[in-house]
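Residue-level structure breakdown
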Amino acid sequence: MLHAGDVEIRPYTRRFDELIPGLDVGPHSFGVGLMRSTARGRIALRTGDAFTPPAVNYHYLESERDRRAMRDGVELAVDLLRSPAMASVVDVPAIADPLAPLGTSL
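Worth saying up front: this structure is predicted, and the values here are computed from it rather than measured. (Residues numbered from 1 in each chain as written. Predicted model: local features only at pLDDT ≥ 70, side-chain atom pairs only at ≥ 80, totals over all residues. Heavy atoms only, no water.)

**A few points about the pairing of strand S2 (residues 7–11)**
- Of the pairings in the sheet, the one linking strand S1 (residues 2–4) to S2 comprises three bridges and is antiparallel in character. Its bridge partner being in S2, His-3 is matched across the sheet by Glu-8.
- Two successive antiparallel strands, S1 and S2, enclose a turn made up of two residues, where Gly-5 displays a positive phi of approximately 65 degrees. (Pairing = 2+ DSSP bridges. Helix = DSSP H or I, 4+ residues; strand = E, 2+ residues; numbered from the N terminus.)

Below, the structure is given as structure tokens:
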């Protein structure tokens, strides 16, 4: 892992389709995680039933600071993957909007 400012960059050692049954075969991935978000999520109970999942609103990337940190983190990951040491073994696709392919993990 690489800690760089507000983000953490981590290469996944296995493709997600190898870890999660039923997924289509996909590429190897890098994770870029925002470690110091300025936004705060919210969890609320939906019902009094303990088996009903709560309502979760992550509030991801609601602040310009968080969006800038993630863009910078994705750009750093791309720069590392396009470095001379990696360019011969990794094909990095063009990313028009670095925030578009983002997701979450628990």
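Let's pick the thread back up.
**Observations concerning the pattern of salt bridges**
- Using the criterion set out here, one finds nine salt bridges in the structure.
- Arg-65 is the partner of Asp-6 in a salt bridge, and the nearest nitrogen-oxygen pair spans 3.4 Å. Residue Asp-6 is found in the loop between S1 and S2, and its partner Arg-65 is found in helix H2 (residues 64–81); the two are separated by 59 residues along the sequence.
- One salt bridge in this structure joins Arg-15 and Glu-18, with 3.6 Å as the shortest N-O distance.
- One network of salt bridges, in which partners are shared, links Arg-14, Arg-15, Asp-17 and Glu-18. (Salt bridge = Lys/Arg side-chain N within 4 Å of Asp/Glu carboxyl O.)

**Things to note about the confidence of the model for the protein chain**
- Chain-level statistics for the protein chain give a pLDDT mean of 88 and a share of 98% at 70 or above.
- Per-element confidence in the protein chain ranges from a low mean pLDDT of 86 for helix H1 (residues 16–19) to a high of 95 for strand S4 (residues 42–44). (pLDDT = per-residue confidence, 0-100.)

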